[in-house]
Amino acid sequence: MNPFGRLHPLAILLYYVVAAVLMVGISNPFVNLAVWIMSLLHYFFLTGLRKGFRMLWYSLGTAVLCLMINPLLNHRGVTLLFMLGEWRITKEAVLYGMHMAMLLLASLLLFSCFSHHMTAEKVMTLMGKRMPSFALLFSMILRFVPKAGKDFREMAALHGNHPSMWQALLGITLEDAVQRSLSMKSRCYGMKTRSSYYHRKMDRTESLLCVCCVAIMAGLLVCQYMHPYRVRFFPSIHMDRLPLWMWALFFIFYGLPLIWKGKEELSWYLSRRKITDSATREKNSRQSISGNY
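What counts and how
- Residues numbered from 1 in each chain as written.
- Predicted model: local features only at pLDDT ≥ 70, side-chain atom pairs only at ≥ 80, totals over all residues.
- Heavy atoms only, no water.
- Helix = DSSP H or I, 4+ residues; strand = E, 2+ residues; numbered from the N terminus.
- Buried < 20%, exposed > 50% of the residue type's maximum accessible area, 1.4 Å probe, protein only.
- Contact = heavy atoms within 4.5 Å.
- Areas by Shrake-Rupley, 256 points an atom, 1.4 Å probe, with all protein chains shown as cover.
- Phe/Tyr/Trp six-rings, centres within 6.5 Å; stacked < 30°, edge-to-face > 60°.
- Core = buried A, V, L, I, M, F, W, Y, C linked by side-chain atoms within 4.5 Å.
- Disulfide = S-S within 2.5 Å.
- Pairing = 2+ DSSP bridges.
- 1 Å grid on protein atoms, 1.4 Å probe; cavity = no way out; pocket = protein on both sides within 12 Å on 5 of 7 lines; lining within 4 Å.
- Points joined across faces, edges and corners; volume = space filled by probe spheres on them.
- Axes fitted to C-alpha atoms, helices over the stretch in contact; angles between N-to-C directions.
- Parallel < 35°, antiparallel > 145°, perpendicular 65-115°, else oblique.
- Left-handed = near helix turned anticlockwise from the far one by under 90°.
- Nonpolar A, V, L, I, M, F, W, Y, C, P; charged D, E, K, R; others polar.

A. Representation of the overall build of the protein chain within the structure. Within the protein chain one finds 10 helices and 4 strands. Overall, the protein chain shows an N-to-C arrangement of helices and strands of α-α-α-β-β-α-α-α-α-α-β-β-α-α. A burial count over the protein chain gives 34% of its 293 residues as buried. Summarising the internal contacts of the protein chain: among those between residues at least 6 apart in sequence, 69% fall at separations of at least 24. Total accessible area on the protein chain stands at roughly 19100 Å², and carbon and sulfur atoms take up 67% of it.

Structure below.
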């Protein structure tokens, strides 16, 4: 398992909430691009090359669609590129479409990584005691997309992509949701006489991560209140320059899963090399002893 996925559910939830709030609050196209790249690398580590390239292909298709639709619907801006019939295609509308596409892709990848880390068991751990109904519903929502995708690929391989196949997929999905709800009800889920969650305490590292997330969010709110950062696309483009310390903070914060993964891979590599070297030295010593005899 990815080391970031072994954290307490509250730490994972708080990290991704702050990550989304920072990205939307700053709303800088270059920050969104950096978040998208780091989230894509994280998604590659989580799911492998095949699913990662599939997500990249879908993301680029979504970006192209958003980039094409926005200039056709939004005709504001002072810099005219060309006329498409009676429609004005402006540079500001095109750049705003690119900005919204990058924001959408970064948010999609963040949610994909979050759904990979926040499993149904962690949702039950986090909210099963105080909000059992919401915890069950939220875990079913997180489980819906990957299961529906898997069922779709299996049914499309067997029967082809037909309208009747979509109806069957919808029926299977609803039937699975009903069966799971009835199964949890028969197990007395949510009753006071039965504990339906696993209590796990937070260690020092997880508590420090939560404190840092809260401090970063509070610092962003204070900075935006005292010195608001502005990004404007209409009627002309204007973008305030971010200070260097803020860029460093963003790269460290959004790169935490990659840093954690790299640290674990480096520790495992050094341990494996140490074990291999000790085994080689032991083998050479045994050969030298046998050669003396």
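B. Spotlight on the packing of aromatic side chains. The full count for this structure, using the stated rule, is 8 aromatic pairs. When the ring of Phe-44 is compared with that of Phe-53, the centres are 5.2 Å apart and the planes differ by 75 degrees; the resulting orientation is edge-to-face. Given the relative accessible area of 18%, Phe-44 is considered buried. The interplanar angle of 40 degrees and the centroid separation of 6.3 Å between the aromatic rings of Phe-111 and Phe-114 together place this pair among those described as tilted. With Phe-111 and Phe-114 both in helix H4 (residues 91-117), this residue pair falls 3 residues apart, about one helical turn.

C. Quick look at the nonpolar core. Counting residues in hydrophobic clusters, the biggest one holds 52 residues, and the most contacted among them are Tyr-16, Leu-22, Ile-26, Trp-36, Phe-250, Phe-253 and Tyr-254. Broken down by secondary-structure element, the contributors of at least two residues to this core are helix H1 (9-26), helix H2 (29-47), helix H3 (49-73), H4, helix H5 (120-127), helix H6 (132-159), helix H8 (204-226) and helix H9 (244-254).

D. Geometry of the state of the cysteines. Summed over the entire model, instances satisfying the criterion amount to 0 disulfides. Lacking any disulfide linkage, Cys-213 is separated from the closest cysteine sulfur, that of Cys-210, by 6.4 Å.

E. Up close: the pairing of strand S2 (residues 87-90). One ladder, built from 4 bridges, connects strand S1 (residues 80-84) with S2; its direction is antiparallel. Paired with Leu-84 across the bridge in S2 is Trp-87. Taking the residues that link successive antiparallel strands as the turn, the S1-S2 hairpin has 2 residues, and the phi of Gly-85 there is positive, at about 70 degrees.

F. Main features of the environment of Val-94. Structurally, Val-94 is set in helix H4. With 13 residues separating them along the chain, Val-94 and Leu-81 place their C-alpha atoms 9.5 Å apart.

G. Inspection of empty space enclosed by the protein at higher detail. Taken as a whole and assessed by the stated rule, the structure comprises 2 cavities of 30 Å³ or more. Here the largest cavity defines a volume of roughly 70 Å³. Taken together, Tyr-15, Tyr-16, Met-38, Ser-39, His-42, Leu-110, Cys-113, Tyr-254, Pro-257 and Leu-258 make up the lining of the largest cavity. Contributions of two or more residues to the lining of the largest cavity are made by H1, H2, H4 and helix H10 (256-292).

H. Molecular detail of H5. Counted residue by residue, H5 has 7 buried out of 8 residues, so it is predominantly covered. Within the sequence span of H5, burial applies to Ala-120, Lys-122, Val-123, Met-124, Thr-125, Leu-126 and Met-127.

I. How the structure looks around the packing of H2 against H9. At a minimum axis distance of 10 Å, the contact between H2 and H9 shows a crossing angle of 25 degrees. Here H2 is positioned roughly parallel relative to H9, judged by the angle of their axes. At the point where H2 passes H9, the crossing takes the right-handed sense. Facing H2, whose interface residues are Phe-30, Val-31, Ala-34, Val-35 and Met-38, H9 presents Trp-247, Phe-250, Phe-251 and Tyr-254.

J. Up close: the layout of surface pockets. In this structure, the second largest pocket spans a volume of roughly 310 Å³. Residue lining of the second largest pocket: 13 residues in total, with Pro-29, Leu-95, Met-98, His-99 and Met-102 positioned closest to the centre. Those elements that provide at least two residues to the lining of the second largest pocket are H2, H3 and H4. For the lining of the second largest pocket, the element with the most residues is H4, which contributes 5 residues. Here the residues of the lining of the second largest pocket sort into 12 nonpolar, 1 polar and no charged.

Structural measurements only, silent on function.
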